[in-house]
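# Fold and contact review
What follows is the residue order along each chain.
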Amino acid sequence: MFKVETSQLLFAERGRSEAEVQTPEAALVESARAGDREAFARLHDMYAPLVHGVLLARVRYDEVSDLVQDVFLTAFRKLGHLRDAERFGPWVSMIARNRAVDFYRRARETEELHEEFAQGTGREAEASEALEIIRGLPEAYRETLVLRLVEGMTGPEIAVRTGLQPASVRVNLHRGMKLLRARLGMKDGKL
Amino acid sequence: MSDYLWDKSGEPEAEVERLEELLGSLRHRPRMLELPSEAVPLETRRPRLFSTTRLFDTSRRLGPAWVAVAATLLLAFLLGASVFLRTRLTNGDERAASGDARQSQPTTTQGTTHQTSAPTSQEPVRGENKTDAENKAEAGAGLKRDENDTVKNVSVKNDAVKNDTVKNVAVENIAVKDFTPGRRRSVRLASIPNQQKLMTATAKGARVNEREAVEAMSAANRGSAPALIESTRLLAKEQLVYALRLTGSKLRQVRRKTQGSEDSKSGLDERERIK
């Protein structure tokens, strides 16, 4: 009798915890899978900064906006591939990384435009120069730093959105910041 | 470790704040998602082989693949059914044949005893033929008695003639089943020596009309169809063997003659040389 009660309680507890675990993002993913465009638009609003940051860590700023649209269009079409609705962030991040690689495969001839952009107004030029230095960092650091410094996310947010361990994000942030300081100091001396 | 870099808590770091301010100009600017109207989320999960949802999905079931599968199954079923029926029929025939053979054995022995005792042995056979003829005649759409009588007489005469012919040919123990016209007519010979006798008799020039003989045999004894088919095969085989033997013997004779002439010619040449 006691065992039955315990198992029933455990079962009820598990069911409750499963129901609680499902995030609003997962519910939106399920709705979007069913063809709800509004739900996907909300997902876009939630995850666009993440995708933007992931792309910005690899691709030029003026290209990123269009690529974000491409990434979300691809995500919408391939939403059936996503097995775990809870992991929409890591999944869409991976699509963004692949899209950046694909972008460099296709458009290598636009390097000159980048140089022109770098010679723009002083503030933009300084920002793009700093971004270029970040892009020169190891891959593990640059994405985390861009998400933190450009997109304004906190470490825990980055961990949740990208699916990385918080400890890893923390380590990447601090090591990346250390490297960035060193490179900026070597280059400019102002920062 | 600064908490500000990690979660923006605590005292802000000047370097981090400046970088945030500088790089913040490159931050994502909210933009409306432009999804084309034809864009649809595809359900491209890995197909499962034995998925129930897949199995009972009507749209899939009515697809061309399903139609092909159904047609193949139907074809296979029909083929299987036909093979099964054929085998069953043949088995039934074999069983009937074996059963008839068992039944016909005692009758054949009776036949031998009857035929060894010459004229008396023909009477029961004739009697059977008579009744058979009568039956046929009566069953033949209600003919008049006069006609029946004539038929009887004619059949009796024919049977007598046939039986005589059979006797002349010295065929013993021949079980024959006479069928209605249009059906297969076959002969079952009880033993091969009897067939050989028949063959020898035929070869000697006792021109026996085989058909008549078969009919006569049918009057004598009755067997089942498969057994008779088998006996017919044996008869045909024996005929073939006999024909081959005959041809062989003729060839041998011809060869001897030709060799003899050659030998004689060569002998003459040798003699001439010796001379």
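No experiment lies behind these values; they were computed from the predicted model shown.

### Topic: the overall build of chain B
- Helix and strand counts for chain B come out as 10 helices and 2 strands.
- Reading chain B from its N terminus to its C terminus gives the helix and strand order α-α-α-α-α-α-α-β-β-α-α-α.
- A burial count over chain B gives 17% of its 275 residues as buried.
- Within chain B, counting contacts between residues at least 6 apart in sequence, those at least 24 apart form 71% of the total.

### Focus on the nonpolar core
Residue and element names in this part refer to chain A.
- V51, L55, V71, V92 and L145 are the most contacted members of the largest nonpolar core, which totals 50 residues.
- The element best represented in this core is helix α3 (residues 37-56), accounting for 9 residues.
- Setting aside residues up to four positions removed in sequence, L55 forms contacts with V64, L67, V68, A96 and A100.

### Structural notes on helix α9 (residues 155-162) of chain A
Residues and elements named next belong to chain A.
- Residues G155, I158, R161 and T162 constitute the buried set of α9. Around the axis of α9, the buried residues are gathered within 135° of arc, so they sit on the same side.
- Positive phi shows up at G163, right after α9, with a value of about 80°.

### Focus: the interface of chain B and chain A
- Across the contact, 28 residues belong to chain B and 41 residues belong to chain A.
- Elements that contribute at least two residues to the side of chain B that touches chain A include exactly α1 (3-7) and α2 (14-23) of chain B.
- For the side of chain B that touches chain A, the leading source of residues is α2 of chain B, giving 6 residues.
- Across the side of chain B that touches chain A, the residue classes tally to 14 nonpolar, 4 polar and 10 charged.

### Remarks on the packing of helix α2 (residues 24-33) of chain A against α3 of chain A
Residue and element names in this part refer to chain A.
- Direction vectors running N to C along α2 and α3 enclose 140°, while the axes themselves pass 8 Å from each other. In terms of their interaxial angle, α2 and α3 are classed as oblique. For the pair α2 and α3, the crossing hand works out as left-handed. Across from E25, L28, V29, S31 and A32 in α2, the residues of α3 making contact are A39, F40, R42, L43 and M46.
- Its residues assigned to classes, the contact of α2 with α3 comprises 7 nonpolar, 1 polar and 2 charged.

### Observations concerning the confidence of the model for chain A
- Scored by pLDDT, chain A comes out at a mean of 81, with 78% of its residues at no less than 70.
- This stretch, residues 1-19 of chain A, has a pLDDT under 50; its non-local contacts, to residues over four places away or in other chains, come to 0 contacts.

### A closer look at the environment of H52 of chain A
- Tracing the sequence through the fold places H52 of chain A in helix α3.
- Sequence separation between H52 of chain A and V71 of chain A is 19 residues, and the spatial gap between their C-alpha atoms is 9.7 Å.
- Among all residues touching H52 of chain A, those that are not within four sequence positions of it are V64, V68 and E151 of chain A together with H28 of chain B.

### Concerning the packing of helix α7 (residues 122-135) of chain A against α2 of chain B
- Contact pair α7 of chain A / α2 of chain B: the axes reach a minimum separation of 9 Å and the direction vectors enclose 115°. The way α7 of chain A lies across α2 of chain B gives a crossing that is left-handed. Judged by residue contacts, E126, A127, A130 and L131 of chain A of α7 of chain A engage L19, L22 and L23 of chain B from α2 of chain B.
- Here the contact of α7 of chain A with α2 of chain B is composed, by residue class, of 6 nonpolar, no polar and 1 charged.

### Considerations on unusual backbone geometry
Residue and element names in this part refer to chain B.
- The phi dihedral of K8 is positive, around 60°, even though this residue is not glycine.
- By the element assignment, K8 lies in the loop between α1 and α2.
- The class of K8 is partly exposed, set by 16 C-beta atoms lying within 10 Å.

### Quick look at α7 of chain A
Residue and element names in this part refer to chain A.
- The terminal C-alpha atoms of α7, which comprises 14 residues, lie 20 Å apart, in line with the 20 Å expected from a rise of 1.5 Å per residue.
- The set of residues buried in α7 consists of A127, S128, A130, L131 and I134. When α7 is viewed along its axis, its buried side chains cluster within an angular range of 160° and face the same direction.

### Here we look at the confidence of the model for chain B
Residues and elements named next belong to chain B.
- Averaged over all residues, the pLDDT of chain B equals 64, while 37% of them reach at least 70.
- The element-level mean pLDDT for chain B is lowest in strand β1 (residues 174-177), coming to 43, with α2 highest at 88.
- Confidence over residues 106-130 falls short of pLDDT 50; this stretch has 29 contacts with residues more than four positions distant or in other chains.
- Between residues 165-192, whose pLDDT stays under 50, and residues either more than four places distant or in other chains, the model counts 89 contacts.

### Observations regarding the environment of P138 of chain A
All names here are of chain A.
- Structurally, P138 is set in the loop between α7 and α8 (139-150).
- Residue classification places P138 among the exposed positions, given that 11 C-beta atoms sit within 10 Å.
- Residues P138 and N172 lie 34 residues apart in sequence; the distance between their C-alpha atoms is 9.8 Å.

### Brief notes about the environment of A85 of chain A
Residues and elements named next belong to chain A.
- Here A85 is to be found in the loop between α4 (61-77) and α5 (88-106).
- On the basis of neighbour counts, which here come to 19 C-beta atoms within 10 Å, the residue A85 falls in the partly exposed class.
- The contact partners of A85, leaving out residues within four places of it in the chain, are A26, V29 and E30.

About the criteria used
- Residues numbered from 1 in each chain as written.
- Chains lettered and ligands numbered in written order.
- Predicted model: local features only at pLDDT ≥ 70, side-chain atom pairs only at ≥ 80, totals over all residues.
- Helix = DSSP H or I, 4+ residues; strand = E, 2+ residues; numbered from the N terminus.
- Buried ≥ 20, exposed ≤ 12 C-beta atoms within 10 Å, placed from the backbone.
- Contact = placed C-beta atoms within 7 Å.
- Core = buried A, V, L, I, M, F, W, Y, C linked by C-beta atoms within 7 Å.
- Arc of directions from axis to C-beta.
- Nonpolar A, V, L, I, M, F, W, Y, C, P; charged D, E, K, R; others polar.
- Axes fitted to C-alpha atoms, helices over the stretch in contact; angles between N-to-C directions.
- Parallel < 35°, antiparallel > 145°, perpendicular 65-115°, else oblique.
- Left-handed = near helix turned anticlockwise from the far one by under 90°.
- pLDDT = per-residue confidence, 0-100.
- Expected span 1.5 Å × (residues − 1).

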